[in-house]
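Overview (structure and organization)
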Amino acid sequence: MISTDIAIIGAGPVGLFAIFEAGLLKMRCHLIDYLPQVGGQLSEIYPKKPIYDIPGYPTVLAQELIDNLMEQGKPFHPGFTLGERIEGLEKRGEGDFVLTTNMGTIIESKVVVIAGGLGCFEPRKPAVAGLEQFENGRGVNYMILDPEQYRGQKMVIAGGGDSALDWTIFLADIVEELTLVHRSESFRGAPDSVNKVMALAESGKINLVLNSNLSSVTGNGKLENVELVHNRSLEKTNVAADHLIPLFGLSPKLGPIEQWNLNINKSAIEVNTDDYSTNIPGIYAIGDINTYTNKLKLILCGFHEAALMSHSAYQYMNPGVKYTMKYTTVNGVSEF
């Protein structure tokens, strides 16, 4: 049996930052993740995607951010159970939880923090004729793991959110020809990213096709052509393409968490914004998996939630005890 102060379900960026915040308060964390490595969606789906909204970093690659978070948490000696999913949760007494994974691992903790991002997720696939026959390495992908594999090739990106905009900006200097397709004239992404995409279109660096949807894909064994249809005129346009990347988000599934008697609202866990606690004392939810009024699904917001959660968790574990944080330096190395 593994014993810890805080069991964190989910080893994405928000869960990793919680190691640091909890460590400052002398609480040890053990993280559990169904993926075989830490990093969550950042490592699994877009490790080389640039991120622009982390304080102090004008831009940072997703995997670089994960590596830095791991380094930041290293002084607090966290534990990890990877490649396993939490199947059961039991509360024993006033302040003890027992979690069981699908592989039979048992973790005993005083506090449980759910930081599972979107839970178990899969990409949302558009209804496009012929799409499935070009998956699995034949031209259609729903994530970008290595941008260099697209160098000098023709690509179509479909979508209007931050991922579509960010990848368009990043890949404009890598691919030979890039077409961004969006069903509307307005984008859901950050205004600065929208401005950069518009500038790329005006300069001829990319082709921007608005008010249009994907219609069909064709090719001889591999993708060769993407057909687009205009929303109003229904006029169809053919775009030569080696790759199609539909970026329409992820479909979240909470899995076993749905059976834990938490307050669930549209596949997200309701929390108290005072400390991101759930309706069950001792269980918190931080990051994309929680919901509250004016919720923003940003890594930055998840970091804020991790900080407030940690202070509340300390008080939950040590009622009436005031905490102090001490910083010392030994041979030039900071210790907490």
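Residues numbered from 1 in each chain as written. Predicted model: local features only at pLDDT ≥ 70, side-chain atom pairs only at ≥ 80, totals over all residues. Heavy atoms only, no water.

An unreviewed UniProt entry lists the protein chain under the name Ferredoxin--NADP reductase, with Pedobacter steynii as the source organism. The protein chain has a UniProt comment under Sequence similarities (unreviewed entry) that states "Belongs to the ferredoxin--NADP reductase type 2 family." As stated in UniProt under Subunit (unreviewed entry), the record for the protein chain gives "Homodimer." (UniProt positions renumbered as here; feature names shortened; annotations may be inferred.)

Secondary-structure assignment places P147 in the loop between strand 9 (120-123) and strand 10 (154-158). Relative accessible area serves as the criterion here: at 4%, P147 is assigned to the buried category. Taking the C-alpha atoms as reference points, P147 and K49, separated by 98 residues in sequence, lie 8.5 Å from one another. Setting aside chain neighbours within four positions, we find P147 in contact with K48, W167, F170, L171 and I174. (Helix = DSSP H or I, 4+ residues; strand = E, 2+ residues; numbered from the N terminus. Buried < 20%, exposed > 50% of the residue type's maximum accessible area, 1.4 Å probe, protein only. Contact = heavy atoms within 4.5 Å.)

The sheet built from 3 strands is open, its strands ordered 13-14-15 with antiparallel pairing. The open sheet has two edge strands, strand 13 (212-219) and strand 15 (236-240), and neither has a second partner. Between one strand and the next, the sheet's axes are offset by a mean angle of 25 degrees, whatever the strand orientation. (Pairing = 2+ DSSP bridges. Axes fitted to C-alpha atoms, helices over the stretch in contact; angles between N-to-C directions.)

Roughly 260 Å³ of volume is contained in the second largest pocket. When residues in the lining of the second largest pocket are grouped by element, the largest group, 3 residues, is from strand 13. The class makeup of the residues in the lining of the second largest pocket is 7 nonpolar, 5 polar and 2 charged. (1 Å grid on protein atoms, 1.4 Å probe; cavity = no way out; pocket = protein on both sides within 12 Å on 5 of 7 lines; lining within 4 Å. Points joined across faces, edges and corners; volume = space filled by probe spheres on them. Nonpolar A, V, L, I, M, F, W, Y, C, P; charged D, E, K, R; others polar.)

What follows concerns the nonpolar core. Formed by 80 residues in total, the largest nonpolar core has its most connected members in I6, I114, I157, L171 and I286. Element by element, the count of residues in this core is highest for helix 1 (residues 13-24), at 8 residues. Once residues within four sequence positions are removed from consideration, I286 is found in contact with V14, A18, V113, I114, A115, Y276, E305, A306 and M309. Residues L131, Y142, V156 and V226 belong to the second largest nonpolar core, which totals 16 residues. (Core = buried A, V, L, I, M, F, W, Y, C linked by side-chain atoms within 4.5 Å.)

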